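# Working through the structure, step by step
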Amino acid sequence: MQQTSSFNNEEGGCLYLVPTPIGNLDDMTFRAIKTLEEVDLIAAEDTRHTQQLLNHFEIETKQISFHEHNTEQRIPELIAKLKDGVKIAQCSDAGMPSISDPGKELVAAAVAEGIPVVPLPGANAGLTALIASGLVPQPFYFYGFLERKHQQQISELSEMVNRPETMIFYEAPHRLKKTLAAMAEVFGDDRKAVLARELTKRYEEFSRGTLGELRDYFDQNQPRGEFVVLVAGNDHPEAEEQEELGTPLEQIEQEIANGASPNAAIKAVAKRNKLNRQELYRQYHNIGD
């Protein structure tokens, strides 16, 4: 068992995970400002974006870039600094580090080295949208961004069709229409959903309805701003849902008809029905024997 603590470690290195506002600068916490002022270095997803935040709060701490494209190069460098006693704050462009943003690899590396990791609470788009959605707030299932290709989205969503929890997704405006169409195809037009856009900003807006209604609305209207998509969980009994879906082999054929590859279809159906994937693979490929 490993235990680390930032307390009584004034001379040692420490990694602070600092959330930043998701749109409204007033959501920056006193503790976050103080931490960014007192650390030796800030590892930022986009140093230009973070510099605007630092300028606003008159923070002069030095920055270093840390994003998805330089993770492999930066982690050994940052871990070495932490081992030398440097205190580093890691922050993404908006919201909490590691949640659909860079951070998790650095945290894992720090933990592996026994370096204290201190998380600060703060803004998060998914939870902010959830508590105002009107959907059941707990339990919830956070997914983040879906894959971009239609077939991959269908496969991902098919694995979630029976989930009873409210599901939380992120989506960019230029992909929203296709994502809503895929969700309506898999979850059904009548599944309740909520779209939250531009959270904490001037044009914050919630759109509530069914997936079919939301898909049709945005087919006629151009999405603007970043979106959180919340989809109600499946409130049908699983046995009844499975009966509607048919046998596992029938489900595989349906997945393939919807555009999934045979292997992706088998994987999705095996997970949905809690079956052994290899056994299902053998059954499917021996149908004609």
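Let me begin by describing the structure that accompanies this report. Since this is a predicted model, take the numbers as computed values, not measurements.

Below, the discussion takes up the packing of aromatic side chains. Overall, the coordinates contain six aromatic pairs when judged by the stated rule. Between Tyr141 and Tyr143 the ring centres are 6.3 Å apart and the planes differ by 45°, which places this aromatic pair in the tilted class. Note on Tyr141: relative accessible area 24%, which makes it partly exposed. Between Phe218 and Phe227 the ring centres are 5.8 Å apart and the planes differ by 85°, which places this aromatic pair in the edge-to-face class. For Phe218, a relative accessible area of 4% puts it in the buried group. A network of ring pairs unites the aromatic residues Tyr141, Tyr143 and Phe169 as a single cluster.

Within helix 4 (residues 104-112), the full set of buried residues consists of Leu106, Val107, Ala109 and Ala110. Down the axis of helix 4, the buried side of the element spans an arc of 165°, and every buried residue falls inside it. Of the exposed residues in helix 4, the ones pointing more than 90 degrees away from its buried face are Lys104 and Ala112. Where helix 4 is buried, its residues contact strand 1 (14-17), helix 3 (71-83), strand 4 (87-91) and strand 5 (117-119). Two residues or fewer after helix 4 comes Gly114, characterised by a positive phi angle close to 75°.

The subject of this paragraph is the packing of helix 11 (residues 262-273) against helix 12 (residues 277-285). Two elements in contact, helix 11 and helix 12, have axes whose closest approach is 9 Å; the angle formed by their N-to-C orientations is 130°. Judged by the angle between their axes, helix 11 and helix 12 are oblique. With respect to the hand of their crossing, helix 11 and helix 12 are arranged in right-handed fashion. Taking contact as the criterion, the partners of Asn263, Ile266, Lys267, Val269 and Ala270 in helix 11 are, on helix 12, Arg277, Leu280, Tyr281, Tyr284 and His285.

Turning our attention to unusual backbone geometry. Note the cis peptide between Gln138 and Pro139, where omega equals 0°. Residue position: Pro139 is located in the loop between helix 5 (125-133) and strand 6 (140-145). Phi at Ser100 is positive, roughly 55°, even though this residue is not glycine. Mapped onto the elements, Ser100 comes out in the loop between strand 4 and helix 4.

Turning next to the pattern of salt bridges. Per the stated rule, a full pass over the model turns up 13 salt bridges. Notably, a salt bridge pairs Lys271 with Glu159, separated by 3.6 Å at the nearest N-O pair. Of the two residues, Lys271 is situated in helix 11 and Glu159 in the loop between helix 6 (150-158) and strand 7 (166-171); the sequence distance between them amounts to 112 residues. Using a relative accessible area of 57% as the deciding quantity, one classes Lys271 as exposed.

Right, let's get into the sheet that holds strand 1. Strand order in the open sheet made by the five strands is 3-2-4-1-5, with parallel pairing throughout. Taken across any chain shown, the strands that pair with only one partner, and hence form the sheet edges, are strand 3 (63-65) and strand 5. Adjacent strand axes in the sheet meet at a mean angle of 25°, parallel and antiparallel pairs treated alike. Sheet contacts for helix 3: strand 1, strand 2 (41-44), strand 3 and strand 4; angle to strand 3, the most-contacted strand, approximately 150°.

We now examine the environment of Phe140. With respect to the helices and strands, Phe140 occurs in strand 6. Under the relative-accessibility criterion, Phe140 is labelled partly exposed at 38%. Along the sequence, Phe140 and Arg224 sit 84 residues apart, while their C-alpha atoms lie 26 Å from each other. Apart from the residues within four sequence positions on either side, Phe140 is in contact with Leu127, Leu130, Glu165, Thr166 and Ile168.

Let us look at the side chain of Asn234. The topology assignment puts Asn234 in the loop between strand 10 (227-231) and helix 9 (238-245). A distance of 3.0 Å separates a polar atom in the side chain of Asn234 from the backbone oxygen of Val161.

Cut-offs applied
- Residues numbered from 1 in each chain as written.
- Predicted model: local features only at pLDDT ≥ 70, side-chain atom pairs only at ≥ 80, totals over all residues.
- Heavy atoms only, no water.
- Phe/Tyr/Trp six-rings, centres within 6.5 Å; stacked < 30°, edge-to-face > 60°.
- Buried < 20%, exposed > 50% of the residue type's maximum accessible area, 1.4 Å probe, protein only.
- Helix = DSSP H or I, 4+ residues; strand = E, 2+ residues; numbered from the N terminus.
- Arc of directions from axis to C-beta.
- Contact = heavy atoms within 4.5 Å.
- Axes fitted to C-alpha atoms, helices over the stretch in contact; angles between N-to-C directions.
- Parallel < 35°, antiparallel > 145°, perpendicular 65-115°, else oblique.
- Left-handed = near helix turned anticlockwise from the far one by under 90°.
- Salt bridge = Lys/Arg side-chain N within 4 Å of Asp/Glu carboxyl O.
- Pairing = 2+ DSSP bridges.
- Polar contact = N/O pair within 3.5 Å; in protein donor to acceptor, adjacent residues only side chain to side chain.

Don't take any of this as a statement about function, it's just geometry.
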